[in-house]
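Here is how the chains run, residue by residue.
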Amino acid sequence: MKWKVGFLVPFVAVFIFLSLLKPHSLFKWDQVVEFMGSTVTIQRNVTSVHSAPMRKTFRVAWYQQDPEIQMSLSKYDPQKCNITNCLIEQNSSLADIVVLRHSFLPYHPVIQKRRGQLWVLYSSESPHHTHYPPEEWADQIDLSASYMESADFFVPLYGRVELRKTGLLRNYTGILTNKTRDAVWVSSHCSTPSRREMLVRALSEHLKVDKFGTCGDQKCGKQYDDFKKCEHTFVNNYKFYFSFENSICDNYTTEKLYFLFRDSAAIIPVVNGPRDVDKYLPKNTYINSLDFASPKMLAEKLKDIGNNETKYISFLTEKEKYTMPGQSVNDLIDLAIHKFQCDMCRYLHDLDIRKSLNKPKTWQRIFNPSIQCKSDN
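These notes cover the structure that comes with them. All values reported here derive from a predicted model rather than from experimental measurement. (Residues numbered from 1 in each chain as written. Predicted model: local features only at pLDDT ≥ 70, side-chain atom pairs only at ≥ 80, totals over all residues. Heavy atoms only, no water.)

Observations concerning the pairing of strand β12 (residues 238–243)
- For β12, the buried fraction is high: 6 of the 6 residues fall into the buried class.
- Examined bridge by bridge, β12 and strand β13 (residues 268–271) share 4 bridges and lie parallel to one another. Residue Ser-243 lies in a different strand from β13, and its bridge partner there is Val-271.
- Taken together, β12, helix α8 (residues 255–262) and β13 form a β-α-β motif whose crossover is right-handed. (Buried < 20%, exposed > 50% of the residue type's maximum accessible area, 1.4 Å probe, protein only. Helix = DSSP H or I, 4+ residues; strand = E, 2+ residues; numbered from the N terminus. Pairing = 2+ DSSP bridges. Right-handed = clockwise from strand over helix to strand, strands pointing away.)

Set out below in C-alpha cells:
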C-alpha cells in the first residue's frame with residue numbers, strides 16, 4: 001500500500017521536534033532514517049544552536065618593537081598565513097604570545113604576565129650584541145626567536161639565497177681584465193669580537209688591501225662607510241670583497257655578504273665564517289677564511305685565484321647562479337617578520353590541539369656567545 005506524502009508530514013514534524021530536544025538520542029543530523037516503510041532525510045539547520053562552534057582566535061603582541069618592525073606589521077595580511085584566525089594584538093595583557101625586544105628589557109621594569117601566556121625573546125643581533133634580559137624578565141621567558149635555525153622561531157632577516165630563474169650573460173673575461181686591485185674592506189667598527197681588523201692587518205702583509213670607512217684611510221665621494229655608495233668602484237676595480245662580520249657565530253651572516261648576491265655584484269666575497277656557513281650558502285660562491293690555517297695561506301689562495309682567469313671566472317659564474325628574494329632592506333624585513341608572525345600563529349594552533357608541546361626552554365643557549373660563537377680568530 002503506498003503512502004501519500006501529505007500523510008507523512010505530521011509524523012516527520014514530531015520526529016524533528018523530538019530531535020531538537022534530544023538530538024543525539026534519536027538520530028544524528030544529516031542522517032537518513034526509515035519511517036513506516038518510507039525514507040526521510042533529516043537535514044542540519046545551520047542556524048540552530050547545534051552548529052559547529054566558532055574557531056578560537058589567537059593573538060600575538062609585539063611589545064615595544066623597533067619602528068621598522070612596526071611598519072612591517074602594519075602591512076601583515078592574516079589571510080596569507082595558513083592560520084587565518086590569528087591576529088596582531090595591541091594590548092599585551094590579552095595576547096597568547098608576547099614578543100619581547102632584547103634591547104628594550106634591560107632598561108624597563110617587567111610587565112605583568114598573564115597565566116598561560118608565552119613570552120618570546122627576539123634578537124636579530126649576534127649573541128655578542130644581544131642584551132641579556134634582567135632576572136625578572138629572564139625568569140618568565142619561554143621561547144627564542146633569532147636568525148639561528150636552532151631557535152624556537154627561525155627569523156632569517158636577510159633571507160636565504162635562491163637559484164636565479166634566468167642566467168646572466170656577461171663578458172667575464174672583460175670584467176676580470178678591468179680589475180686592477182686585489183681586495184677591498186669597508187668597516188666603521190674597528191674593534192670587534194671576531195677580531196676582523198687583525199685579520200685584515202695580517203692579510204695586508206701579503207696582498208694589497210684597500211680599506212674604506214672609519215677603519216680605513218680611503219674614501220669614494222663624501223660617504224665611504226657603506227658598500228652600496230661605493231659599489232660601482234669596488235666591483236669594477238677589485239677582485240675580492242672582504243665580507244667580514246663583527247662576530248663569528250653560527251648562522252650569522254648579514255647584508256655584507258647577501259647584498260653581493262642581491263646586486264649580482266661581479267666580485268668574489270671572502271668571509272670570516274661562520275663555522276656552518278656552507279649549510280646555507282652554496283659552495284664555490286665565496287671563500288671562507290676559516291678554511292685556512294693562517295692569513296698567509298689565505299692570501300696565497302686569493303692571489304692564485306685572482307691571477308688565474310679560469311679559476312676566477314669559475315667562482316663568479318657559480319656565485320651568479322644565485323640571487324636574493326627581496327630587493328630592499330624593507331622587503332627583507334617584511335618577508336622575515338611576516339614569516340615570524342605566521343610561525344607563531346601556527347605554533348599557537350598546534351599548541352591548542354596538543355595542549356602541550358613539551359618543549360624545553362632553550363633560549364639561554366641560543367643567545368649564549370660561548371656556545372654559538374667562535375671565541376677568537
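Section: the environment of Asp-276
- Considering the arrangement of structural elements, one finds Asp-276 in the loop between β13 and β14 (287–288).
- Measuring from C-alpha to C-alpha, the distance between Asp-276 and Tyr-252 comes to 9.2 Å, with 24 residues separating the pair along the chain.
- Aside from chain neighbours lying at most four places away, what touches Asp-276 is Asp-250 and Asn-251. (Contact = heavy atoms within 4.5 Å.)

Let's talk about the packing of helix α9 (residues 295–306) against helix α10 (residues 309–319)
- Closest axis-to-axis distance for the α9/α10 pair is 6 Å, and the angle between their directions is 95°. In terms of their interaxial angle, α9 and α10 are classed as roughly perpendicular. Taking contact as the criterion, the partners of Asp-304, Ile-305 and Gly-306 in α9 are, on α10, Lys-311, Tyr-312 and Phe-315.
- Partitioning the contact of α9 with α10 into residue classes produces 3 nonpolar, 1 polar and 2 charged. (Axes fitted to C-alpha atoms, helices over the stretch in contact; angles between N-to-C directions. Parallel < 35°, antiparallel > 145°, perpendicular 65-115°, else oblique. Nonpolar A, V, L, I, M, F, W, Y, C, P; charged D, E, K, R; others polar.)

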